[in-house]
Amino acid sequence: MAIYLNVSHSLNQLFSALSERLSKEDTGVFLPRRVVTQTDGINNWIRYRYAEQAGITANLQFTKTSDIIYQIFRWLKPDAPPALDRSYMVWLVYQCLQEEEFINRFPEKAAYTTKDPVKQIALAMQMADLFDQYQVYRHDLITKWNDAATKNETINDWQQYLWTVIKNKIGENNGLKF
């Protein structure tokens, strides 16, 4: 297995290099082809474009760069606590949305989801994705929320409240510090 690195600011150029590489390789239908990208949106776009070009997209396995870095970290430090990944965060947000304290503190937000579990899981997925993005692109906001939590300030923002509750739950379970 070889590693090919393509760097460009153009998604179309990157796709052209990838599709050329994939068309040259004859790995068979049962061996996965691994592709490292940044987002699920890019993954879907690649699947769609490659299916348009080749007639079908099969056995492409996508991994994010952060997942590779985390895997290397786990190999180097196997006893480290688990990372706060998006899929785990979805269920933590979902759980928080059902708690009495959230329902009582933010009745307008709770009214949107309490009667419909589909809306509740959809909101949990959106919030987990948003928190994941906040950690990268809005680190200043996360730092502000964390500072307010350590000072025991009253939380009036529902997103900040969810973040603080999730952070505390993760910390209780794994001894993590944010």
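The structure this text deals with has already been given above.
Since this is a predicted model, take the numbers as computed values, not measurements.

### With respect to the packing of aromatic side chains
- Scanning the model with the defined rule gives nine aromatic pairs in all.
- Ring geometry for phenylalanine 131 against tyrosine 134: centres 6.3 Å apart, planes inclined by 55°, an arrangement best described as tilted. Of this pair, phenylalanine 131 and tyrosine 134 both sit in helix 7 (residues 117-137), separated by three residues, roughly a single helical turn.
- Residue classification places phenylalanine 131 among the buried residues on the basis of a relative accessible area of 0%.
- With 5.8 Å between their ring centres and 70° between their planes, tyrosine 134 and tryptophan 145 make a pair best called edge-to-face. Note that tyrosine 134 is positioned in helix 7 and tryptophan 145 in helix 8 (residues 139-150), a separation of 11 residues in sequence.

### Digging into the pattern of salt bridges
- In total, this model carries six salt bridges according to the counting rule given.
- Among the ionic pairs, lysine 64 bridges to aspartate 40, the shortest N-O distance being 3.7 Å. Here the residue lysine 64 occupies a position in strand 2 (residues 60-64), and aspartate 40 occupies one in helix 2 (residues 40-54), the gap between them amounting to 24 residues.
- Residue lysine 64 is classed as partly exposed on the basis of its relative accessible area of 21%.
- Residue classification places aspartate 40 among the partly exposed residues on the basis of a relative accessible area of 42%.
- Its salt-bridge partner being arginine 105, residue glutamate 101 comes within 3.5 Å of it at the nearest N-O pair. Separated by four residues within a single helix, glutamate 101 and arginine 105 lie in helix 5 (residues 100-105), roughly one turn from each other.
- Looking at glutamate 101, the relative accessible area reads 46%, which means it is partly exposed.

Parameters at a glance
Residues numbered from 1 in each chain as written. Predicted model: local features only at pLDDT ≥ 70, side-chain atom pairs only at ≥ 80, totals over all residues. Heavy atoms only, no water. Phe/Tyr/Trp six-rings, centres within 6.5 Å; stacked < 30°, edge-to-face > 60°. Helix = DSSP H or I, 4+ residues; strand = E, 2+ residues; numbered from the N terminus. Buried < 20%, exposed > 50% of the residue type's maximum accessible area, 1.4 Å probe, protein only. Salt bridge = Lys/Arg side-chain N within 4 Å of Asp/Glu carboxyl O.

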